[in-house]
Amino acid sequence: MDQAERALLDASMAHIVEMVLRQVDEDTYEVAAEDGRVRFERAPQGNGWSFGVLDLQGRNPLAIQEASRFSPLRDEASNPFPDRTENSYPFAYEQVAQIFDSPSAPDLVSIHTSAHNWADQGGHVGEHGSIDVVQSRGPFIIAGAGVKRSGMIAEACRVVDIAPTVLALLGVEPRRGIGLNGQARDDALLARQDGEPLTQLLDGHGSPPEHVVGFLLDGANANVLYDMATRGEAPNVARLLEMGTALGHGAMSSLPTVTLANHTSILTGAHPGHHGILNNAWYDRARREQVITNSPAHWITSMTHLDPRVETLFQAVTRSFPGEIAVSINEPCDVGADHSVFEMMRRGEPIFRPPPLDELPHTTKRFVRPVKEYKWSSLVDHTGLDQFLGIWSGHYAETEWPIPKFTWMNFSLTDAAFHEGGPYSEIAAASVHDTDARIGEVLDAVERAGVFEETAFFLTADHGMEESNVECTGNWADALDESGVAYRDEGYSFIYVNP
Ligand SMILES: [Zn+2]
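Here the structure is a predicted model, which is why all the values come from computation and not from measurement.

Explain the domain arrangement of the protein to me, and be specific about the residues and the numbers.
Here the protein is partitioned into domain 1 (2–134 + 468–497) and domain 2 (137–271 + 294–467). When each unit is reduced to the centre of its C-alpha atoms, the spacing between domain 1 and domain 2 is 28 Å. If you look at the interface, domain 1 gives 42 residues, while domain 2 gives 38 residues. Both sides of the domain 1 and domain 2 interface together cover about 3,200 Å² of buried area, and 53% of this is carbon and sulfur. Interface area lost by domain 1 to domain 2 is led by Asn47, Leu73 and His128, which between them contribute 21%. The interface formed by domain 1 and domain 2 includes one salt bridge. Here Arg158 ties to Glu94 by a salt bridge, and the two come within 2.9 Å at their closest N and O atoms. Linking domain 1 to domain 2 there are 28 residue pairs in polar contact (both at pLDDT 80 or more).

Give me the lowdown on the nonpolar core, citing residues and values where you can.
Membership of the largest hydrophobic core comes to 69 residues, with the highest contact counts inside it found for Leu21, Leu62, Phe140, Phe406 and Phe458. Residues lining this core come from more than one domain, with at least three contributed by each of domain 1 (2–134 + 468–497) and domain 2 (137–271 + 294–467). Listed in part, the 45 residues of the second largest apolar core include Tyr226, Tyr396, Leu443 and Phe457.

Give a detailed account of the side chain of Ser425, specifying residues and quantitative values.
By the element assignment, Ser425 lies in the loop between helix H14 (413–421) and helix H15 (426–448). One polar contact links the side chain of Ser425 to the main-chain carbonyl oxygen of Gly421, over a distance of 3.4 Å.

For the state of the cysteines, give the residues involved together with the corresponding values.
Summed over the entire model, instances satisfying the criterion amount to zero disulfides. The cysteine Cys157 is free of any disulfide, with Cys333 supplying the nearest cysteine sulfur at 18 Å.

Before we move on, could you go through the packing of helix H13 (residues 372–393) against H15 and cite the residues and values that matter?
For the pair H13 and H15, the least separation of the axes is 10 Å and the interaxial angle reads 10 degrees. It follows from the interaxial angle that H13 and H15 lie roughly parallel. Contact residues: Tyr374, Ser378, Asp381, His382, Leu385, Phe388, Leu389 and Trp392 in H13; Ile427, Ala430, Ser431, Asp434, Arg438, Glu441, Val442, Ala445, Val446 and Arg448 in H15. Residue composition of the contact of H13 with H15, grouped by class: ten nonpolar, three polar and five charged.

Talk me through the packing of aromatic side chains; I want residue IDs and the actual numbers.
With the rule as written, the count across this model stands at 18 aromatic pairs. A ring pair is formed by Tyr29 and Phe100, whose centres lie 6.2 Å apart and whose planes are at 35 degrees; its orientation type is tilted. Taken together, the residues span a long stretch of sequence, with Tyr29 in strand E2 (residues 28–33) and Phe100 in the loop between helix H3 (92–99) and strand E5 (108–112) at a distance of 71 residues. The pair formed by Tyr29 and Phe100 is uniform in burial state, with each residue classed as buried. Between Phe367 and Tyr374 the ring centres are 5.8 Å apart and the planes differ by 45 degrees, which places this aromatic pair in the tilted class. Pairwise contacts between aromatic rings join Tyr29, Phe40, Trp49, Phe51, Tyr93 and Phe100 into one cluster.

Pulling in residues and values, what's your account of the sheet that holds strand E23 (residues 406–411)?
A sheet is described by the order of its strands in space; here eight strands give the open sequence E9-E15-E8-E24-E14-E23-E19-E20, paired in mixed fashion. Every interior strand has two partners, whereas the edge strands, strand E9 (151–153) and strand E20 (339–340), have only one. Bridge count for strand E8 (residues 140–144) against strand E24 (residues 455–460) is five bridges, and the pairing is antiparallel. Paired with Ala143 across the two strands is Phe457, which belongs to E24.

Hey, could you go over the pairing of strand E15 (residues 244–247) for me, with residue numbers and the actual values?
Bridge count between E8 and E15: three bridges; the pairing is antiparallel. Following the sheet pairing, Ala143 is matched in E15 by Gly244. Both E9 and E15 contribute to a ladder of three bridges, which runs parallel. By the bridge assignment for E15, Gly151 is matched with Thr245.

Help me get a handle on the coordination of the zinc ion, residues and values and all.
Surrounding the zinc ion are the protein donor atoms Asp218 (OD), Thr259 (OG1), Asp462 (OD) and His463 (NE2), which sit 2.0 to 2.1 Å from the metal. Around the zinc ion sit four donor atoms; with metal-centred angles ranging over 96 to 133 degrees, the donor geometry is tetrahedral.

Explain the pattern of salt bridges residue by residue, including any values.
Two side chains with opposite charge may pair up if their charged atoms get near one another. What the rule picks out here adds up to 31 salt bridges. Notably, a salt bridge pairs Arg287 with Asp284, separated by 3.9 Å at the nearest N-O pair. Its relative accessible area of 61% is what places Arg287 among the exposed residues. For Asp284, a relative accessible area of 14% translates into the label buried. Measuring nitrogen to oxygen at the nearest pair gives 2.6 Å for the salt bridge that ties Arg369 to Asp358.

Each value, and the rule that gives it
- Residues numbered from 1 in each chain as written.
- Predicted model: local features only at pLDDT ≥ 70, side-chain atom pairs only at ≥ 80, totals over all residues.
- Heavy atoms only, no water.
- Domains from an automatic or database assignment.
- Contact = heavy atoms within 4.5 Å.
- Buried area = accessible area lost by both parts, 1.4 Å probe.
- Salt bridge = Lys/Arg side-chain N within 4 Å of Asp/Glu carboxyl O.
- Polar contact = N/O pair within 3.5 Å; in protein donor to acceptor, adjacent residues only side chain to side chain.
- Core = buried A, V, L, I, M, F, W, Y, C linked by side-chain atoms within 4.5 Å.
- Buried < 20%, exposed > 50% of the residue type's maximum accessible area, 1.4 Å probe, protein only.
- Helix = DSSP H or I, 4+ residues; strand = E, 2+ residues; numbered from the N terminus.
- Disulfide = S-S within 2.5 Å.
- Axes fitted to C-alpha atoms, helices over the stretch in contact; angles between N-to-C directions.
- Parallel < 35°, antiparallel > 145°, perpendicular 65-115°, else oblique.
- Nonpolar A, V, L, I, M, F, W, Y, C, P; charged D, E, K, R; others polar.
- Phe/Tyr/Trp six-rings, centres within 6.5 Å; stacked < 30°, edge-to-face > 60°.
- Pairing = 2+ DSSP bridges.
- Donors = N, O, S within 2.8 Å, 3.2 Å for Na, K, Ca; no water.
- Tetrahedral: all angles 85-135°; square planar, octahedral: opposite > 155°, others 65-115°.

So this is what it looks like as structure tokens:
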């Protein structure tokens, strides 16, 4: 393992390897960069952990943990590709520790630099996966019934705080569960609850909302989204902001800051090291096999890897409100949902066929034709809107539907576009525009159903998106190969030595 770490930390890799993470003992971890190394330990404190530095050589790679760094947009855009000595890693000690709680955790996690462009792995202008603040930062807006109208506030949360917050908003009674540190807690809203409810955002008087609608804008850079909403370029997101509160410094996704690991963290309130969806790909040590979850071929079976000790929001809502339903739209993490397109696929039922491209509403024509991913995601998101409108009208897929207690909508177009052109590109702005229009249709449908005043909404993302330096390419596989050590690199970051 030392040999592999040395290879990754070689000066020739310093432009692409920000730091390397490892567990050295049960509750002890080490994080090393080219210019320093920190060893730290964790101990239970409250429902979580306290952390203490045991040893420091050179610069502490995790020294800066401010969530406020590179926010708002002008601060982010005027500091492109921040160097490791100026970058920030919010909640860094917790981020590192949680992943090694999984029996299939890798030996080393290689975190790439803010500048790194995965050109030779089919990379993009926009990148994520690091625990740096820009790649971790998704938006968080909560609005409507039961929510304080504070507008944009200078605060941040973790994505694992979102599910407990939604359940607190709905007035769910706490009960016994397992907390972040693995010990029992009596105030849990979910069976496994790593996060904490953000009760400061809830108004706390009056009756809780009758319905909650959640939006995930995959890969939407929070600063860009907030900026567009403020400038009137995303009027429906702006409407949500006016009706509630937005965390200006964002919701920080969990290590690894990739898609399905964090969809699952948002929907379970647990970190990837605890909910079992470790990464888009990893190595199952017990079965000695590679696991892939985040690809069209694997989405329908991905949740077989979900740890049965965690609970999804769908399960927690229907457990707390017997007779009510929970709906999951285009979301692979669908356990416990009464409607899921992936469940329809598992049952072999026909799914909605999108209209021809020319008739696709809310679509930026100049990108939908030439850009394959933009077209695919536009079609997928259109089918999502179709499911929402059908179910909320009371009739969908030859079934009658009551108004769901909880409806979750996963939009994929933002991820495709923010990757393609980077967060500040015209294609990224177009994707926000198109998605905002689909959100507008959802808000209209909630009004048509006559329950707008009794409905709460929230909006988030599974990770951020950072502009990479297209000239900063390279692959640490070169250094690992040269070292002669036997290894697997899963999901371009999880390194298993002598697997
Ligand atoms: Zn994603």
